[in-house]
Amino acid sequence: MDFLPIFFDVRSRPCLVVGGGEVAARKVDLLVRANAAITVVAPELGRSLARYRDAGRLTHHAREFRPEDIDGCTLVIAATDDGALNGEVSRRCRERAIPVNVVDAPELCSFIVPSIVDRSPVIVAVSSGGAAPVLSRLLRTRLETMLPAAYGRLATLAETFRDRVKRRFGTLAQRRRFWEEALQGPVAELVLTGRERAAKIAMEVALQQDTPGSLSVGEVYLVGAGPGDPDLLTFRALRLMQQADVVVYDRLVAPAILDFAHRGAERIYVGKASGEHSVPQEQINRLLVRLARDGKRVLRLKGGDPFIFGRGGEEADALADAGIAFQIVPGVTAASGCAAYAGIPLTHRDCAHSCVFIPGHLKDGGELNWRALAEPRQTLVVYMGLHALGSICERLIGAGLSAATPAALVQDGTLQSQRVLIGDLASLPAKAAEVTMRPPTLLIIGEVVRLHERFAWFEPAGSVQATALRTA
Amino acid sequence: MIRHPEFAPGSVWLAGAGPGDPALLTLAALHAIETADVIVHDALVSGEILALAPAATVRIAAGKRAGGTQTPQWAIHEQLIAHARKGSRVLRLKGGDPFVFGRGGEECLALAAAGVAFRVIPGISAGIGATSAALVPITHRGIARSVAFATGEAGAEGADVDFRALGRAADTLVLYMARKHIGRIAAALIDGGRPSADPVAFVLDATTPREQVVHTTLGAAAGVALDLPPAATLVVIGAVAALGAVLARSEPAAHAASKRAAPAARRVGAAR
């Protein structure tokens, strides 16, 4: 270990920064966050530092560095572009045992500044000791993804309960058990989803219980897995996947996404592929309730967004009936995913002022108002639109929409197997039959489809056919 | 871990930052935030999200702030193109989803015309994130089989929507920036045939710690809107809007912050 990692209290202590440019400004950012009393010595200040000066966050001496500037300093940072000056600052500080950092010159430093993940009051610091700054930055990125932004608020909440928990539970073992439950269970979830008041109430309730373990009740996360590309998972989804005991999923969840689930997690498939036996919704609802009652953390993973044709509402309703805690994690819905990856905006200034999503299974819940849907300045998105494609196009034409209205079928949207078929209301059904499009497919109807030609940036690995389809 | 696509110097990525909560960023969006040299962002992108970028990243606010100064769209295009031509990796970061009321289409057109390579990263549209947070299922068996998204802001993309027709096109309506004009919009919807007792939910500052949900009806919406605190607001109209309050019953503590306005939300449908 070349350096001793420590956290330094500089609150209201005199800290000197030599240099007035952007590099200095980045160091000042950190000192400001740590509430130091900052002095900057530099003939001129850059824009960022001038803002800090105007806001009264630092004292500026508009001149060259003088040896006496370091008198009484708690720490000093040299961030000028003058190597000789940086060296002088370093030497004078070392002579007087004042901690000094010279930006990008590890050999002149008596301390170095790590990459940090700031979840105040929780701070994670990463350093490669100057050996590989890019590596520490990459590591920092990974930590950013693992630590939810609200972690700091969780720590703050814990702090406010610390004394009471100490009084409530006599032994260290009991307290540790209590905190482990609180910081990983429902209380943490409430904080991490921004419901701090509720988290406080839950803590109060937990403190009334007899045993510290009483927080461990099952819960269900209804999570949208996005349209398919694992890169479109959200952080919350990823985090919950890694902590769930059971994952209940259906066929719209890509296998690459399922791989993110915690290795020890039980996986239950309740999928529905066309023509395949599927688990009825009632039975899925009962399964979720039963698993949660067993005390499990259950992740119900759905393609796209749980509330958009995902029947998440029914599952939430059943869980609420059974008194089981649940949370909804939205996902990127198929319409957004396909639109982005096929290069078709759903709204556009010149041609689409509203956007309507309808289900492709027309028998679902009765008749739609085709006259209102046949609006030329509107984008119509049909989920699972392949099966009834012919009938949908016919009805829209019948309701007055031009047969020449452009339409696109997107199969396997956002995946490497994505195919895009472009046509119009009159031609698309025959084209789709000709090239045998397969579900899952999203149908986009409207003038916005014309933009696809210019916007198609996504070229999946095996896209020869896709290109052919596009020009078909 | 995921292998992300390469963010090539000289290219522009248009990414959606989702509804507000940094945990609802996609992995791809965070990768872009970490890798970009320049981030051109909207006012809707939170400071919490921007803080995820390395300190050296240049951040340019190009937002449209209601009432404040706004960067003209052409100037945003010029900025994106200029930074890309200098060889920077340029991230255009927008609240919600770039292709749902995000003017992403216009920006793509400008980039395509300038010959700048681009990529589009979808995000969770504010309308979808907000409704989930409010426990409002946009579609729900037996209650809502379709949903329409529109914006209510005069002068915005999609300003001249015929709300009378839109009200008939879908069971659930999700309206962006519609708070100011909700009276006019509600009147048009009622005129078009929606009942004045149609449930309405105002979702304020969705997915942030300040989130608040206010339930009312179409007839009373204009009056209720006047009393709402300033916040990014989304309006959900239709039977599902009342369902949120119903679903919240299993976690009364979790939704202690939700505020209900008259009339009290009632149990809708739940045909079982």
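Keep in mind that this is a model prediction, so the values were computed, not measured.

What counts, and at which threshold
Residues numbered from 1 in each chain as written. Chains lettered and ligands numbered in written order. Predicted model: local features only at pLDDT ≥ 70, side-chain atom pairs only at ≥ 80, totals over all residues. Heavy atoms only, no water. Helix = DSSP H or I, 4+ residues; strand = E, 2+ residues; numbered from the N terminus. Contact = heavy atoms within 4.5 Å. Domains from an automatic or database assignment. Buried area = accessible area lost by both parts, 1.4 Å probe. Salt bridge = Lys/Arg side-chain N within 4 Å of Asp/Glu carboxyl O. Patch = residues over 30% accessible without salt bridge, like charges linked within 9 Å, V, L, I, M, F, W, Y side chains within 5 Å. Areas by Shrake-Rupley, 256 points an atom, 1.4 Å probe, with all protein chains shown as cover. Polar contact = N/O pair within 3.5 Å; in protein donor to acceptor, adjacent residues only side chain to side chain.

**A closer look at the overall build of chain B**
Looking only at helices and strands, chain B has 9 helices and 11 strands in total. A fraction of 69% describes how many contacts in chain B between residues 6 or more apart in sequence connect residues 24 or more apart.

**Here we look at the domain arrangement of chain A**
Residues and elements named next belong to chain A. Taken domain by domain, chain A comprises domain 1 (14-113), domain 2 (117-147), domain 3 (151-207), domain 4 (219-332) and domain 5 (336-455). Between the C-alpha centres of domain 3 and domain 4 there is a distance of 27 Å. On the side of domain 4, 8 residues touch domain 3, which itself brings 6 residues to the contact. Ranking the residues of domain 3 by area buried against domain 4 places Glu189, Leu192 and Thr193 at the top, with a combined share of 72%. At the boundary of domain 3 with domain 4, the tally comes to 1 salt bridge. As a salt-bridge pair, Arg239 and Glu189 come within 3.0 Å of each other at their nearest N and O atoms. By residue number, the principal contributor to the side of domain 3 that touches domain 4 is helix H7 (residues 186-192), which donates 3 residues.

**Focus: a nonpolar patch on the surface**
A contiguous nonpolar patch, built from A:Met1, A:Leu4 and A:Ile6 and spanning about 430 Å² of accessible area, is present on the exposed surface. Along the chain, A:Ile6 falls in the segment before strand E1 (14-18).

**Some words on the interface of chain A and chain B**
Counting from both sides, the interface comprises 84 residues of chain A and, opposite them, 83 residues of chain B. For the pair chain A and chain B, the summed buried area comes to about 6,800 Å², and 61% of that belongs to carbon and sulfur atoms. Considering only the side of chain A, the residues that lose the most area to chain B are A:Asp231, A:Phe307 and A:Trp457, jointly responsible for 10% of the buried surface there. Connecting chain A to chain B are 16 residue pairs in polar contact (both at pLDDT 80 or more). It is helix H12 (residues 312-321) of chain A that provides the largest number of residues to the side of chain A that touches chain B, a total of 8 residues.

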